[in-house]
Amino acid sequence: MSKKTFDAEAIYAGLRDSVADALAKVPARRPHIIGIYSGGAWIAERLHRDLGLTTPMGALSSAFHRDDYGRRGLPAEMKSTDLSFEIRGADIILVDDILFTGRTVRAAINELFDYGRPARVELAVLLDRGGRELPFEPRYCGLVHPLAADHAFVLSRDEAGRLALRIE
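Small disclaimer: the values here were computed from a predicted structure and weren't measured.

1. Notes on the nonpolar core
Taken as a class, soluble globular proteins show a tendency for nonpolar side chains to be buried jointly.
1) Next: Counting residues in hydrophobic clusters, the biggest one holds 27 residues, and the most contacted among them are Ile43, Val95, Phe153 and Leu165.
2) Next: If you list the elements that add at least two residues to this core, you get helix H1 (8-25), helix H2 (39-50), strand E4 (91-99), strand E5 (120-128), strand E7 (153-157) and strand E8 (163-167).
3) Next: Among the elements that take part in this core, H1 stands out by supplying seven residues, more than any other.
4) Next: The contacts of Val95, once residues within four sequence positions are left out, are Ile33, Ile34, Gly35, Ile36, Gly40, Ile43, Ala44, Leu47 and Ala124.
5) Next: Membership of the second largest hydrophobic core comes to eleven residues, among which are Ile34, Leu83, Leu94 and Leu112.

2. A look at H1
Since one α-helical turn is 3.6 residues long, residues separated by three or four positions face the same way.
1) Next: The end-to-end C-alpha distance of H1, which contains 18 residues, comes to 26 Å, matching closely the 26 Å that a straight helix rising 1.5 Å per residue would cover.
2) Next: Those residues of H1 lying buried are Ala8, Glu9, Ile11, Tyr12, Leu15, Val19, Ala22 and Leu23. The arc enclosing the buried residues of H1, seen along the axis, measures out at 160 degrees, which places them on a common side. Every exposed residue of H1 that faces more than 90 degrees away from the buried side is listed here: Ala24 and Lys25.
3) Next: If you follow the buried residues of H1, they end up packed against strand E1 (4-6), H2, E4, E5, strand E6 (140-144) and E8.

3. Some remarks on the pattern of salt bridges
1) Next: Counting across every chain of the model gives 14 salt bridges.
2) Next: With its nearest N and O atoms 3.8 Å apart, the salt bridge here joins Arg120 to Glu122.
3) Next: You can call Arg120 partly exposed: its relative accessible area is 39%.
4) Next: The buried category is assigned to Glu122, whose relative accessible area is 10%.
5) Next: Here Glu122 ties to Arg139 by a salt bridge, and the two come within 3.7 Å at their closest N and O atoms. Residue Glu122 is found in strand E5, and its partner Arg139 is found in the loop between E5 and E6; the two are separated by 17 residues along the sequence.
6) Next: The exposure class assigned to Arg139 is partly exposed, which follows from its relative accessible area of 49%.

Conventions we followed
Residues numbered from 1 in each chain as written. Predicted model: local features only at pLDDT ≥ 70, side-chain atom pairs only at ≥ 80, totals over all residues. Heavy atoms only, no water. Core = buried A, V, L, I, M, F, W, Y, C linked by side-chain atoms within 4.5 Å. Buried < 20%, exposed > 50% of the residue type's maximum accessible area, 1.4 Å probe, protein only. Helix = DSSP H or I, 4+ residues; strand = E, 2+ residues; numbered from the N terminus. Contact = heavy atoms within 4.5 Å. Expected span 1.5 Å × (residues − 1). Arc of directions from axis to C-beta. Salt bridge = Lys/Arg side-chain N within 4 Å of Asp/Glu carboxyl O.

Here it is in structure tokens:
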């Protein structure tokens, strides 16, 4: 099967710039970045660093809240949620790598609310591939690229933290 690749670094730069522009419009805003394991956590780490945010960041696992848990099972590398700050009343930017059906986002929000009720949750994604089954749309998005359900985007990260994206 042929594989198409994308410039994931350029897509990331677009996402970073859209978040930076929104934050510049409200200088007093102090959001917490939370990434969904694993690709969303990679992107969240970079956004946190590149935007120079001083608020603590976090990462969460949506595995136990997925409605298809029985079919999918546990991920090969199970990571636990790490939120070292108060969620109740917080301004959150929830970060994922690829938005497809919306099921991961729904599960992540359920996990997040287990820790408290934030004041605001905005969604940032590297790529929106369409095919939504649940009503979630990103506030910040690096690229919209519809993809047939029988294909998949695969995000990877090298030792230096550079992102790569391909279709399989």
